[in-house]
Amino acid sequence: MDNIIEVRHLSKWFGSNEILKDINFNVKKGEVVCIIGASGSGKSTLLRCINLLEKPSGGEIFYRGKNILSDKHDLQEYRTKMGMVFQQFNLFNNHNVLGNCTVGQIKVLGRKKEEAVETAMKYLKVVGMDQYINAKPSQLSGGQKQRVAIARALSMEPDVMLFDEPTSALDPEMVGEVLNVMKDLAKSGLTMLVVTHEMGFAAEVADRVVFMDKGVIAEEGTAREIFNNPKQERTREFLKRIIGN
Amino acid sequence: MILIERFGVTIMTWKWFFKVIVDYWPMFLRGAGVTLLISIIGTVLGFAIGLIIGVIRTIPLSDNMVKRVILKIVNAILTVYVEVFRGTPMIVQAMVIYYGSLMLFNIDMDRMFAGVFIVSINTGAYMAEIVRGGIISIDKGQFEAAHAIGMNHIQTMLYVVLPQVIRNILPATGNEFVINIKDTSVLNVISVTELFFQTSSITGNVFRFFEPFLVACIIYLIMTLTVTRLLRWLEKKIDGPEHFNVIPGNQMQVARPEDLAKKAGQ
Ligand SMILES: Nc1ncnc2c1ncn2[C@@H]1O[C@H](COP(=O)(O)OP(=O)(O)OP(=O)(O)O)[C@@H](O)[C@H]1O
Ligand SMILES: [Mg+2]
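Fair warning: this is a prediction, and the values are worked out from it, not measured in the lab. (Residues numbered from 1 in each chain as written. Chains lettered and ligands numbered in written order. Predicted model: local features only at pLDDT ≥ 70, side-chain atom pairs only at ≥ 80, totals over all residues. Heavy atoms only, no water.)

*Asks:* I would appreciate a short explanation of the packing of helix 3 (residues 90-105) of chain B against helix 4 (residues 111-136) of chain B in the present structure.
*Replies:* Packed helix pairs are specified by the crossing angle of their axes together with the interaxial distance, meaning the distance between the axes. Residues and elements named next belong to chain B. Remark: helix 3 packs on helix 4, axes separated minimally by 10 Å, with the N-to-C direction vectors making an angle of 130°. Looking at the two axes, helix 3 sits oblique to helix 4. Here helix 3 and helix 4 pass one another in a crossing that is right-handed. In contact with Met90, Gln93, Ala94, Ile97 and Tyr98 of helix 3, helix 4 contributes Arg111, Ala114, Phe117, Ile118, Val119, Ile121 and Asn122. Tallied by class, the residues present in the contact of helix 3 with helix 4 amount to 9 nonpolar, 2 polar and 1 charged. (Axes fitted to C-alpha atoms, helices over the stretch in contact; angles between N-to-C directions. Helix = DSSP H or I, 4+ residues; strand = E, 2+ residues; numbered from the N terminus. Parallel < 35°, antiparallel > 145°, perpendicular 65-115°, else oblique. Left-handed = near helix turned anticlockwise from the far one by under 90°. Contact = heavy atoms within 4.5 Å. Nonpolar A, V, L, I, M, F, W, Y, C, P; charged D, E, K, R; others polar.)

Written out as structure tokens, the structure reads:
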């Protein structure tokens, strides 16, 4: 299988703190990779380095074999291939639900309005928000906002979807609706890279689980390997803490 | 005695008040027209200047050395512009620009043009700061989400950030507009025929000060109150309806997460 993303010796410094240290890992087409780890271990930073919201300090990132850190690379075009879902939703406040899902298609991809609306409606249906196209973000619940944010990212028809703790800012009763959408997406063959604290979700849909600790990948393997038979002592401790709660 | 005298003065005043209106209403009207024209154009152009400067001043520094240097120089120039025009009175700016261009460059500016020019760049300096504050106050997540779907700085500004900034700074812009209506009166020092200038001319004809300026006062108040109301209406319009309509769809076709969850729960 081809690697869509290859990360080689990635490092990231914030001032004098090395937040990511020599990160190496790949994402294959159609794979669902979950990144778990304690708060502050660098999960978000890694995800943000992958779509270059943070500038890596060292190392290389390859997208379909091309080095995206080289000067020649078209940053904007690359980002359209990486759908990003944020913990805080970050819906565009000046657009309604439909506008959120069409503005990128029209202004960045250059799609015609009708095509953009059609595509947006398709994905709003997938997340069950097609009835709310006229609503403004401020009129939606957290779970609804996050589902729209997922539809917005999907509407760009990206190669890879990046999720940064998409359910962490939600009230408990809304976590389920978002996770269900994500499970459907995972089963549909979408390539996904998900930072999450939802171990049940990771166990159910992840092809691979990456455990991060203090800026390094401490262990990675199939969901079964990581959850049932972790090799590292720190993985075991982390899981005990999480599942103990 | 005093009471009767006061009463007499009051009657005199009212007589003059109406006489001034009846005799000189075309002059008042023209003056008010010029005042309104200069302050409208000045506010709109100043707003545009402010938006452009605000966008330039928030461009992230590039890694490219040349671009970096150019941006720093441009920013320095803009800072000087803002500080100079915010730090000096408009009445003095009017004199310096009008007579300066005449003496130094031998340009005899049209007075009306000079008036619009001065009000615009003056408003621009204030609006630049207001816009910058407006951009800074927009949540970082809005920028990140826009960048994440592939927008560059200009697209992010045009389609995501500025619409929100404009909505947020509308009250401040209305304030600038009201200030401009009042402050165009200083342009009388370069003989722009706005309302204050016209009123002064009228006082020269009737040899009375109170009544003509009372009329001017009322006209200024009508203009500022109208503008304030109009802007409030515009704000409401931009905000849109308070409620949205749920579009009833054919739910049978769609596996909605709620339905899936319900199914899973059974
Ligand atoms: N912009 C920044 N400047 C300085 N330090 C930062 C910045 N962003 C993140 N960090 C630091 O980098 C470390 C890793 O942060 P990161 O957000 O990647 O952790 P995380 O694993 O996503 O944690 P969480 O589970 O809480 O989201 C933290 O110590 C954080 O304080
Ligand atoms: Mg995080």
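Structure shown, so let's carry the discussion forward.
*Asks:* How should the pattern of salt bridges be read in this particular structure?
*Replies:* Working definition: two side chains of opposite charge can pair if their charged atoms are close together. Considering all chains together, one arrives at 20 salt bridges over all chains under this definition. Of the charged contacts in the structure, one is a salt bridge between Lys187 of chain A and Glu204 of chain A, with a shortest N-O distance of 3.5 Å. Linking Lys187 of chain A in helix 6 (residues 172-187) with Glu204 of chain A in helix 7 (residues 199-205), this pair joins segments that are 17 residues apart in sequence. In this structure Lys187 of chain A comes out as exposed when scored by relative accessible area, which is 60%. The class for Glu204 of chain A is partly exposed, based on a relative accessible area of 46%. Overlapping salt bridges, with partners in common, bring together Arg48 and Glu54 of chain A together with Lys140 and Glu144 of chain B in one network. (Salt bridge = Lys/Arg side-chain N within 4 Å of Asp/Glu carboxyl O. Buried < 20%, exposed > 50% of the residue type's maximum accessible area, 1.4 Å probe, protein only.)

*Asks:* Please clarify how the sheet that holds strand 9 (residues 208-213) of chain A should be interpreted in this entry.
*Replies:* The strands making up a sheet are joined through hydrogen bonds of the backbone, oriented either antiparallel or parallel. All names here are of chain A. If you walk across this open sheet you meet the 6 strands as 6-7-8-3-9-10, and the pairing is mixed. Each edge of the open sheet is held by one strand with a lone partner, namely strand 6 (82-85) and strand 10 (216-221). This sheet shows a mean twist of 20° between the axes of neighbouring strands, independent of strand direction. With 5 bridges connecting them, strand 7 (residues 160-164) and strand 8 (residues 191-195) associate as parallel partners. Among the inter-strand pairings, Val160 is bridged to a residue of strand 8, identified as Thr191. In this fold helix 1 (residues 43-50) packs onto strand 3 (32-37), strand 6, strand 7, strand 8 and strand 9, with an angle of close to 150° to the strand it touches most, strand 7. (Pairing = 2+ DSSP bridges.)

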